[in-house]
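Examination of the molecular architecture
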Amino acid sequence: MKDIYILGIESSCDETSFSIVKNGVEEIATVISSQIDIHKLYGGVVPEIASRAHIRNITFVLEECLTKAHMTIDNIDAIAVTYGPGLIGSLLVGVECAKTLAFLYQKPLIPVHHISGHIYANNLEKRLNFPLIALVISGGHTELIYMDKDYSFKKIGATLDDAVGECYDKVGRVIGVEYPGGPVLDKLATLGKHTYNLPIPLNDGTYNFSFSGLKSAVINLANQEEKRGHKINQEDLAKSFQDVVIESLTTKTMKALKEYKVSNLILAGGVAANKGIRSKFQQVCEENNINYTFPSIKYSTDNAAMIASSGYYAYLLGRRADLTLNPTSSCELK
Ligand code: KG4
Ligand code: ZN
């Protein structure tokens with residue numbers, strides 16, 4: 001079979017990224033331009049600033065990716081782009097770029113759901129094994145997805161309120177660490193002890209999650225300590241918080257694997273970069289004979305390689321968009 005090269009484009013939040021992936025598994029070149037240093041100044045992503053930065057960067061990132069791959073658009077078989085969910089102004093930049101390239105070079109245009117991209121990030125190092133359960137944990141999502149083949153997504157649980165990454169970032173802000181709080185709390189947790197008593201979120205029999213109560217508990221605790229003139233111990237709070245998050249994620253996920261009789265688990269999304277979460281899953285998966293995969297750090301947070309990988313399987317299934325493709329800030333994974 002002829003090799004298929006997909007050009008992936010990702011611009012749904014604050015990373016402008018292009019990647020070329022061969023046959024869905026082999027990364028040829030990826031370039032990611034992150035805006036974190038700009039948004040740090042504001043304590044979070046500012047949508048208007050994000051779209052403008054995408055516009056400033058996008059052509060240079062494309063050029064750098066092609067140069068790195070020693071390829072031109074003529075070598076590309078199809079263009080895969082994130083069409084949602086995400087920040088609408090940011091998505092528009094990537095989608096418009098993809099449509100322009102598809103039109104100019106007469107290439108097929110493949111619409112890719114951002115979460116499908118996060119799931120297929122695991123495919124870049126090892127072909128996905130079905131049936132599987134994906135635990136998607138990112139800044140905007142916390143979901144359990146069952147898949148018995150490529151592009152068959154069955155959502156079996158989700159957060160009822162905040163996403164886990166959003167909760168990390170908000171807790172980070174409350175205890176005074178810079179944006180994004182997730183990676184900082186992850187590091188602090190390795191130095192701390194579990195000394196603060198926090199509630200295990202939504203400790204019920206369902207596959208759903210809830211993190212807003214936990215976030216409020218941390219805010220209340222920080223306020224009370226301040227009133228008493230006590231200083232929060234950042235390391236201990238990070239450790240106490242992370243332990244509770246891990247307990248919630250592992251309990252629900254292991255229950256789903258058991259009840260669905262599935263022995264393959266993958267982690268997906270930016271929070272999958274968390275060392276504490278990765279290693280706890282490693283331990284419980286070993287104890288329960290579960291094949292466990294997580295993306296390498298560079299593929300955990302937003303990148304276009306995952307979009308190109310997911311786009312390859314969409315391409316094989318004949319999924320195409322035309323030049324009327326419109327991004328959408330929220331859309332179901334299908
Ligand atoms: O997947 P992603 O890059 O963007 C979305 O699709 O949302 O995820 C970003 C999220 C942020 O909330 C960030 O704080 C979190 O992933 N994150 C982490 C870690 N690295 C990134 N959270 C916990 N521990 C980490 N090491
Ligand atoms: Zn993401």
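See above for the structure.
Further remarks concern the overall build of the protein. Helix and strand counts for the protein come out as 11 helices and 10 strands. Against the 2.2 N^0.38 benchmark of 20 Å for 334 residues, the protein shows a C-alpha radius of gyration of 20 Å, consistent with a compact globule. Dimensions of the protein along its principal axes, counting C-alpha atoms only, are 65 × 45 × 30 Å. Considering only intrachain contacts with a sequence separation of at least 6, the fraction spanning at least 24 residues in the protein is 72%. With an accessible surface of roughly 14600 Å², the protein has 52% of that area assigned to carbon and sulfur atoms. For the protein, the distance from the average site of its 33 positive side-chain charges to the average site of its 36 negative ones is 3 Å.

All right, on to unusual backbone geometry then. Note the cis peptide between Gly84 and Pro85, where omega equals -10°. Of note, Pro85 is situated in the loop between strand E4 (78–84) and helix H3 (88–105). For Asn289, which is not a glycine, the phi torsion comes out positive at approximately 55°. The topology assignment puts Asn289 in the loop between helix H9 (275–287) and strand E10 (291–293). Overall, the relative accessible area of 66% leaves Asn289 in the exposed class.

On to the side chain of Ser309. Note that Ser309 resides in helix H11 (residues 305–316). Apart from residues no more than four positions distant in its own chain, Ser309 is found in contact with Val21, Gly24, Tyr120, Asn123 and Leu124.

Reading across from one edge, E3-E2-E1-E4-E5 is the order of the five strands in this open sheet, with mixed pairing throughout. Of all the strands in the sheet, just strand E3 (26–34) and strand E5 (109–113) have a single pairing partner and so form its edges. Strand after strand, the sheet turns through a mean of 20° between neighbouring axes, direction not considered.

Rules of the game
- Residues numbered from 1 in each chain as written.
- Chains lettered and ligands numbered in written order.
- Predicted model: local features only at pLDDT ≥ 70, side-chain atom pairs only at ≥ 80, totals over all residues.
- Heavy atoms only, no water.
- Helix = DSSP H or I, 4+ residues; strand = E, 2+ residues; numbered from the N terminus.
- Rg over C-alpha atoms; globule rule 2.2 N^0.38 Å.
- Contact = heavy atoms within 4.5 Å.
- Areas by Shrake-Rupley, 256 points an atom, 1.4 Å probe, with all protein chains shown as cover.
- Lys, Arg positive; Asp, Glu negative; His and termini not counted.
- Charge placed at Lys NZ, Arg CZ, Asp CG, Glu CD.
- Buried < 20%, exposed > 50% of the residue type's maximum accessible area, 1.4 Å probe, protein only.
- Pairing = 2+ DSSP bridges.
- Axes fitted to C-alpha atoms, helices over the stretch in contact; angles between N-to-C directions.

Scope: geometric values only; no functional claims are made or implied.
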